[in-house]
Amino acid sequence: MQGRPQNMVCVGIGQCGVQALNRVWYTLMKEHDLNFIGEMMQPAHQENTSILMHFQEHTTGKYTPRTLFIDSDDVPIEVLRTGKMKNFYGMHAFCSGGSSCANNYARGRYSAGRNILDDACDKYRTLLEDCDRVNSVLKINSFQGGTGTGLSNTLFEQAPIPKGVNSVSCDVVPSPFFSTATTNYYNVLFGLTESYIQFGTHFIFDNLSLYKKCILEDIEDINLTHINDILATCISGISCPMRFCGLNDGSNNLKKILTNLVPFPNLRMILSSATRFGSINYPVDYAIKSVELTCQVFKNHHRLCTPKLQDGTYLACNLQFRGQNEKSVLIKSIQRMYDLYEPKFTSWIPTPFRISTSWKPIVFSNDSVFKGTMNSCIMMSNNTIVSEILEIYGRNFEMLLEKRAFVHWYISQGMEEGEFAQCKESYDIISKSYHDVITGTGEFAINE
Ligand SMILES: Nc1nc2c(ncn2[C@@H]2O[C@H](COP(=O)(O)OP(=O)(O)OP(=O)(O)O)[C@@H](O)[C@H]2O)c(=O)[nH]1
Ligand SMILES: [Mg+2]
């Protein structure tokens, strides 16, 4: 990284957002060789200013994360406030209230969430002001509870992302086949439609796929920390090519990655797949051939979100190689993968691949079951198969709404009934964009 370093601010909202972001910081701490009080362990080894992307440097020589953890419920925040990382974060990194939003978007937007909104806005604005050159805002939340959806939407409405700043929303969405709450489908539609206006790109994950990925990595007694470690690797990986650039990749920046992934403004949901986290059964120093790595990441079972990518059409694809990989071989690897698997790519984007490399292999904190590997690959792709889950969410929302099931809980927190229909209308526009690109109709019609 050259010149003035660019800064990224990370915000976790709701229990899922808070816990997943915590694991992201474990990863970043390890990547930048910091200890639990934010001191660099071997300063001589830190050869550039890349650390300033995620950390603020103090005259004492310590580094504090540019981050904010927000939850209307005090419990997940209290765990961090009193835990191992308490001195790492500092007290201004936390914002919590007295009660959860009980899986109700309206509580996050209009009632319980409001109690901590001012504090959250102030702390978020201060974070931005403390940046030397803010380049991006990244938020993590689940689209299932009331805080991650309702409070998140209000926060970024009150304190919008500054103009020109990249915005990435990392969303844990409900699996279409397994749900942890009956009101999920209201929350996901309300959360997504507003967040779509506020954030430029949405990276979509779901816990069922992450769970299956843990099984594939031979993890036993899988829990949320394992799932969050996989999430954390992918999320911290978004800024990795900028912090640990590959050969000839000095000009890597987030804008380039996002620009290449989003061909039309409404098609901005990104699906990820990843391979090789280094579970117990693999020797840590075993590097597999780049061609094998590239082929693996295109297989359905390495995806981190429910839709099967091979059933859809890829619009664009960013392959991020980490660790020991040689760029000249990577291009041949993609060609080989193409010949073997023939993934469907749209014909009207002639060069759909973007490769980014990072010399830093993926690492995990010492307490993780994952051990890291010599080389790995994360694929971020824009694929029309997203329409499959969008349709399921839309249908489930309609089914609930037809009977007005659970609606009274939302109304009792200050929501107007008309907001349900408005939300569905906005949602249908997003959903239709994906449908149109598949069928070649609407604004994507070729011969209209
Ligand atoms: N990946 C992951 N998912 C989580 C975690 N904690 C909760 N979830 C999932 O997130 C969904 C519920 O969202 P939460 O984040 O708990 O909800 P919230 O935003 O706190 O909202 P309220 O609790 O309703 O105020 C459920 O599907 C959980 O399984 C976590 O640490 N990691
Ligand atoms: Mg909660």
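It should be emphasised that the depicted structure is a prediction, and the values quoted were computed from it without experimental measurement.

When helices and strands are tallied, the protein chain shows 15 helices and 12 strands. Against the 2.2 N^0.38 benchmark of 22 Å for 448 residues, the protein chain shows a C-alpha radius of gyration of 21 Å, consistent with a compact globule. Along the first, second and third principal axes, the C-alpha set of the protein chain runs to 60 × 55 × 45 Å. When burial is assessed residue by residue, the protein chain has 52% of its 448 residues classed as buried. Across the protein chain, contacts joining residues at least 24 apart in sequence account for 83% of those joining residues at least 6 apart.

Glancing now at unusual backbone geometry. Even without being glycine, D218 reaches a positive phi, approximately 65°. Locating D218 in the fold gives a position in the loop between α8 (207-216) and α9 (224-243). Here E342, not a glycine, exhibits a phi torsion of approximately 45°, which is positive. Judged by local crowding, E342 falls into the exposed class, with 9 C-beta atoms found within 10 Å.

Sheets are built from strands paired through backbone hydrogen bonds, the pairs being either parallel or antiparallel. Strand order in the open sheet made by the 10 strands is β5-β4-β1-β6-β7-β8-β9-β12-β10-β11, with mixed pairing throughout. If you trace the sheet from one side to the other, it starts and ends with β5 (94-96) and β11 (353-358), each paired once. Direction aside, neighbouring strands of the sheet carry axes that sit 20° apart on average. Alignment of strand β8 (residues 201-205) against strand β9 (residues 269-275), held across 3 bridges, turns out to be parallel. Across the sheet, the residue bridging to H202 is M269, located in β9.

So, on to helix α13 (residues 386-402). Over its 17 residues, α13 extends 24 Å from the first C-alpha to the last, a length consistent with the 24 Å expected when each residue adds 1.5 Å. Regarding α13, the residues found buried are V386, S387, I389, L390, Y393 and F397. Axial view of α13: buried residues confined to an arc of 160°, hence all on one face. Residues R395, M399 and E402 are exposed on α13 and point more than 90 degrees away from its buried face. As for α13, its buried residues are in contact with α7 (184-198), β9, β12 (375-383) and α15 (418-439). Residue R404 follows α13 closely and has a positive phi angle near 60°.

Turning our eyes to something else, we now look at the environment of P343. Within the fold, P343 resides in the loop between α12 (327-341) and β11. You can call P343 partly exposed: it has 17 C-beta atoms within 10 Å. Separated by 129 residues in the primary sequence, P343 and C214 have C-alpha atoms spaced 25 Å apart. In contact with P343, not counting residues within four places along its chain, are F298, Q310 and Y314.

We now examine the site of ligand 1. Ligand 1 sits among 25 residues. The nearest are G14, C16, Q19, G145 and G148. Where the shell around ligand 1 is concerned, the elements lending two or more residues are α1 (14-31), α6 (147-158) and α9. Ranked by the residues each element gives to the shell around ligand 1, the list is headed by α1, at 5 residues. A per-class count over the shell around ligand 1 returns 8 nonpolar, 15 polar and 2 charged.

Now for the packing of α1 against α9. Running from N to C, α1 and α9 cross one another at 60°; their axes reach a closest spacing of 8 Å. By the angle class used here, α1 and α9 are oblique. Crossing of α1 over α9 shows right-handed handedness. Between α1 and α9, the residues in contact are Q19, A20, R23, V24, Y26, T27, L28 and E31 and L224, T225, N228, D229, L231, A232, T233, I235 and S236, respectively. Partitioning the contact of α1 with α9 into residue classes produces 8 nonpolar, 6 polar and 3 charged.

Further remarks concern the pairing of strand β1 (residues 7-13). For β1, the tally of buried residues reaches 7 of 7 residues, placing the bulk of the element in the interior. Side-chain alternation along β1 places N7, V9, V11 and I13 on one buried face and M8, C10 and G12 on a second face that is also buried. Across 7 bridges, β1 lies against strand β6 (residues 134-142) in parallel orientation. Within the sheet, the bridge partner assigned to V9 lies in β6 and is V137. Direction of pairing for β1 relative to strand β4 (residues 67-71): parallel, over a ladder of 4 bridges. Bridging across to β4, C10 finds its partner in T67.

Ranked by internal contacts, the top residues of the largest apolar core, which has 124 residues, are F69, L189 and L231. If near-sequence neighbours (up to four positions away) are discounted, L189 is found in contact with Y393, F397, C423, K424 and Y427.

If you check which residues of helix α10 (residues 254-261) are buried, you get L254, I257, L258 and L261. With its buried residues spanning 90° around the axis, α10 presents them on a single face.

This paragraph deals with the packing of α7 against α13. Where α7 contacts α13, the axes come no closer than 9 Å and their chain directions differ by 120°. The orientation of α7 relative to α13 falls into the category oblique. In this structure, the crossing between α7 and α13 has a hand that is left-handed. Contacts from Y185, Y186, V188 and L189 of α7 reach α13 at Y393, N396, F397 and L400. In terms of residue class, the contact of α7 with α13 is built from 7 nonpolar, 1 polar and no charged.

Rules used in this analysis
Residues numbered from 1 in each chain as written. Chains lettered and ligands numbered in written order. Predicted model: local features only at pLDDT ≥ 70, side-chain atom pairs only at ≥ 80, totals over all residues. Helix = DSSP H or I, 4+ residues; strand = E, 2+ residues; numbered from the N terminus. Rg over C-alpha atoms; globule rule 2.2 N^0.38 Å. Buried ≥ 20, exposed ≤ 12 C-beta atoms within 10 Å, placed from the backbone. Contact = placed C-beta atoms within 7 Å. Pairing = 2+ DSSP bridges. Axes fitted to C-alpha atoms, helices over the stretch in contact; angles between N-to-C directions. Expected span 1.5 Å × (residues − 1). Arc of directions from axis to C-beta. Near = placed C-beta within 6 Å. Nonpolar A, V, L, I, M, F, W, Y, C, P; charged D, E, K, R; others polar. Parallel < 35°, antiparallel > 145°, perpendicular 65-115°, else oblique. Left-handed = near helix turned anticlockwise from the far one by under 90°. Core = buried A, V, L, I, M, F, W, Y, C linked by C-beta atoms within 7 Å.

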